[in-house]
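# Examining the three-dimensional arrangement
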Amino acid sequence: MPTYVYRCTTCGDTERDFPMSRKPESVACPDCHGTAESAFTSPHLGAGSGTAFGVIDAKKKTADQATR
Ligand SMILES: [Zn+2]
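Let me sum up the structure you'll find in this document. (Residues numbered from 1 in each chain as written. Predicted model: local features only at pLDDT ≥ 70, side-chain atom pairs only at ≥ 80, totals over all residues. Heavy atoms only, no water.)

### Considerations on the packing of aromatic side chains
Note the cut-off: Here a Phe, Tyr or Trp ring, Trp counted by its six-membered ring, pairs with any other such ring whose centre lies within 6.5 Å, and the pair is stacked when the planes are under 30 degrees apart, edge-to-face when over 60, and tilted otherwise. Secondary structure elements follow DSSP: runs of H or I no shorter than four residues count as helices, runs of E no shorter than two count as strands, and numbering proceeds from the N terminus. Using a 1.4 Å probe on the protein chains alone, a residue whose accessible area is under 20% of its type maximum counts as buried, one over 50% counts as exposed, and one in between counts as partly exposed. Think of it as a cone above the ring: NZ of Lys or CZ of Arg counts as a charge over the ring if it is within 6 Å of the ring centre and within 35 degrees of the ring normal.
What the rule picks out here adds up to one aromatic pair. Ring centres 6.1 Å apart and planes at 80° place the aromatic pair Tyr6 and Phe18 in the edge-to-face group. Placement of the pair is Tyr6 in strand β1 (residues 3-8) and Phe18 in the loop between β2 (12-17) and β3 (26-28), with a sequence separation of twelve residues. Of the two residues, Tyr6 and Phe18, both sit in the buried class. Over the ring of Tyr4 we find Lys23, and its NZ or CZ is 5.4 Å from the ring centre.

Right, here's the structure in full:
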């Protein structure tokens, strides 16, 4: 299951796991219960791009195979 980074403007980043098809655009911050918005760890991928998810998934699969 892919891990997504959410960014709270007050507390910083938090990581959450979601199925790829069910990833919300924002989550409740675990610390202040405010809104933490979806962020990407890679600056090369823009939020809201449908193709970005496929790129991330492909990279993770390649990494998995390389370590086995
Ligand atoms: Zn917070």
